[in-house]
Amino acid sequence: MHISEGVLSAPALIGGASAAAAGIGFGIKKIKDEDLPKVAVLSSALFVASLIHIPLGPASVHLILNGLAGLILGWSVFPALFLALLLQAILFQFGGLTTLGVNTLTMGLPAILCFYLFSKSMRSKSDVLAIISGFLTGVLGVFLASILVALFLVTTGEAFLNVAKLVIIAHIPVMILEGIITSFIIVVIKKIRPEILGGVE
Amino acid sequence: MIEERFSKGDSIIHKLDPRIKIIYAFLFSIIMAVSANPLVLTSGFVFSLALVFLARLEFKEILKRLFLVNIFILLLWLILPLSVPGKLLFSIWKLHITQEGIIYAFQITVRCNTIVLAIIAFLSTSSILNLTYALKSLRIPDKMVYLFFLIYRYIFTLLKEYRRLENALKIRGFIPKTSLQTYRVYAYLTGTLLIRSYDRAEQIYRAMLCRGFTGKFWVLNKNSFKKTDILSIGIFGIYITLLLFLQWMKSS
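Residues numbered from 1 in each chain as written. Chains lettered and ligands numbered in written order. Predicted model: local features only at pLDDT ≥ 70, side-chain atom pairs only at ≥ 80, totals over all residues. Heavy atoms only, no water.

Caption draft 1: How the structure looks around the overall build of chain B. Scanning chain B from N- to C-terminus turns up nine helices and two strands. Listed N to C, the secondary structure of chain B is α-α-α-α-β-β-α-α-α-α-α in terms of helices and strands. Relative to the globule expectation of 18 Å for 252 residues, the C-alpha radius of gyration of chain B, 24 Å, shows a markedly less compact shape. For chain B, the residues scored as buried account for 48% of the 252 residues in total. Within chain B, contacts between residues at least 6 apart in sequence are counted, and of these 74% link residues at least 24 apart. When the accessible surface of chain B is split by element, carbon and sulfur atoms take 69% of a total near 13900 Å². (Helix = DSSP H or I, 4+ residues; strand = E, 2+ residues; numbered from the N terminus. Rg over C-alpha atoms; globule rule 2.2 N^0.38 Å. Buried < 20%, exposed > 50% of the residue type's maximum accessible area, 1.4 Å probe, protein only. Contact = heavy atoms within 4.5 Å. Areas by Shrake-Rupley, 256 points an atom, 1.4 Å probe, with all protein chains shown as cover.)

Caption draft 2: Examining the overall build of chain A more closely. The secondary structure content of chain A amounts to eight helices and two strands. Shown N-terminal to C-terminal, the secondary structure of chain A runs as helices and strands in the order α-α-β-β-α-α-α-α-α-α. Over its C-alpha trace chain A gives a radius of gyration of 16 Å, about what one expects of a compact globule, namely 17 Å for 201 residues. Its C-alpha atoms put chain A at 50 × 40 × 30 Å along the principal axes. Here chain A, with 201 residues, has 66% of them falling under the buried criterion. Long-range contacts, defined as pairs at least 24 residues apart, comprise 77% of the intrachain contacts of chain A with a sequence gap of at least 6.

Caption draft 3: Structural view of the side chain of Gln88(A). Residues and elements named next belong to chain A. With respect to the helices and strands, the residue Gln88 is situated in helix α4 (residues 77-92). Residue classification places Gln88 among the buried positions, given a relative accessible area of 13%. If sequence neighbours within four positions are ignored, Gln88 has contacts with His2, Phe47, Gln93 and Phe94.

Caption draft 4: Inspection of the domain arrangement of chain B at higher detail. The domain architecture assigned to chain B consists of domain 1 (12-126 + 223-251) and domain 2 (140-210). Using C-alpha coordinates to define each centre, domain 1 of chain B is positioned 35 Å away from domain 2 of chain B. (Domains from an automatic or database assignment.)

Caption draft 5: Quick peek at the interface of chain A and chain B. Between chain A and chain B, the residue contacts involve 71 residues of the former and 69 residues of the latter. Where chain A touches chain B, the interface holds one salt bridge. Put simply, Arg193(A) and Asp199(B) hold a salt bridge, and the shortest N to O gap is 2.9 Å. Those elements giving two or more residues to the side of chain A that touches chain B turn out to be α1 (10-30), α2 (36-49), β1 (53-56), α3 (66-73), α4, α7 (161-170) and α8 (172-192) of chain A. (Salt bridge = Lys/Arg side-chain N within 4 Å of Asp/Glu carboxyl O.)

Caption draft 6: Structural context of a nonpolar patch on the surface. The grouping of Val128(A), Ile132(A), Phe135(A), Leu136(A), Ile169(A), Ile172(A) and Ile176(A) at the surface amounts to a nonpolar patch, some 610 Å² of accessible area in total. At four residues, helix α6 (residues 127-156) of chain A tops the list of elements feeding residues into the nonpolar patch. (Patch = residues over 30% accessible without salt bridge, like charges linked within 9 Å, V, L, I, M, F, W, Y side chains within 5 Å.)

Caption draft 7: Expanded view of the pattern of salt bridges. Residues and elements named next belong to chain B. Counted according to the given criterion, the structure contains 17 salt bridges over all chains. Ionic pairing is found between Glu61 and Arg5, a salt bridge with its closest N-O pair at 3.1 Å. In this pair, Glu61 sits in helix α4 (residues 59-83) while Arg5 sits in the segment before α1 (12-15), placing the two residues 56 residues apart along the sequence. Residues Lys226 and Asp229 are paired through a salt bridge, measuring 3.8 Å at the closest nitrogen-oxygen approach. Classification of Asp229 as buried rests on a relative accessible area of 0%. Linked through salt bridges whose partners overlap, the residues forming this network are Arg5, Glu58, Glu61, Lys64 and Arg65.

Caption draft 8: Representation of the confidence of the model for chain A within the structure. On average, residues of chain A score 92 in pLDDT, and 100% of them are at 70 or above. Mean pLDDT per element in chain A: strand β2 (residues 59-62) of chain A is the minimum at 87, and α1(A) is the maximum at 96. (pLDDT = per-residue confidence, 0-100.)

Caption draft 9: Up close: the nonpolar core. Ranked by internal contacts, the top residues of the largest apolar core, which has 161 residues, are Leu68(A), Leu73(A), Leu153(A), Phe160(A), Leu80(B) and Leu194(B). Tallying contributions element by element places helix α7 (residues 142-171) of chain B first for this core, with 14 residues. Leaving out residues up to four positions away in the same chain, Leu73(A) has contacts with Val39(A), Leu42(A), Ser43(A), Leu46(A), Ala80(A), Gly199(A) and Val200(A). (Core = buried A, V, L, I, M, F, W, Y, C linked by side-chain atoms within 4.5 Å.)

Now the structure itself:
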């Protein structure tokens, strides 16, 4: 999910960029040298996963997985998202350059919130708790991201109110799908490599 | 799916130093993104179109990229002319289309396409490896440069891995549909991909240590400015000054 170039006003772009810069700075500072390959390869895997198209009714959607990214990467999710978006801009012109900050923030904030809310329940013995938290991670990640996108649009101009509403409504099916898939992913990872869930620390 | 289609070529644009291309791309995009001045936007659009022509890129491929970018813009065209208050242009049934709304939607379209063309001309004409080196010499922190390089490097490996897993599914008769079963299969596929990449990271780190990794990013090919680079700085500098002047004239 991202906002295209040319839409947002200067204050919205600057606000988004400075907040994202703070997140990226903090995230990069927390990564130890020995964790660099781990953060990078997991980010690549999440990037590849977001290219998969999943059938949903007559159409197909691609996964966003920002909530899961937060659980796996912790604060490194900010630099990871920023660099993934930069790569997308260069390789297939999705998103853009001046919107890099805003787009990093709209996906990164929900991600880090999911990390704080649910990484504890990932470590618990109860599978049911992990499945429920997984579902909520998927739903909240997309839901909050769409709310943030809507907020950025509305701060740019009231004319965008209808577009903003449409963004949120259009993402409701995606939220549920992300919830289901994230909870299944959590089940597998928890069984095989539980240490992945809990942020690269 | 992921290929650097525009990075190969021997045009003037391809030969420019990636460091200055990164700076041009950001400077130009920022000015375009915040300007509402029709003169600035029009000249910017012509400028970025000229750059793409100079770079002699595959025209069909560019149109394809622009088409995808404009799908979201089309949505704005359906809504904005109806929701911006202003001079009534005409009404269809109960829908009132305003002049300001049309102008606003048009502005966004021009801005978006201009910036996308500039990204293609300035950034997509360098290979990611050269851009990585350029980021390093632009004083981006080593950890950030490493992450950028490694993420890009392993996307290919993992995409191959994903295709392998997908083929294994197809051979076993998997047909994706809207069902819980399909979602579970995709989730397990993604989970497997994540677990394998986690295990791989450990090997990668050891391999890096063997090759003397200390956290410092080394640049092997030293870029040096050529005559065309210096010339381009002159042309771009004059153009940017002109844009800023136009922008300032309008607002004062």
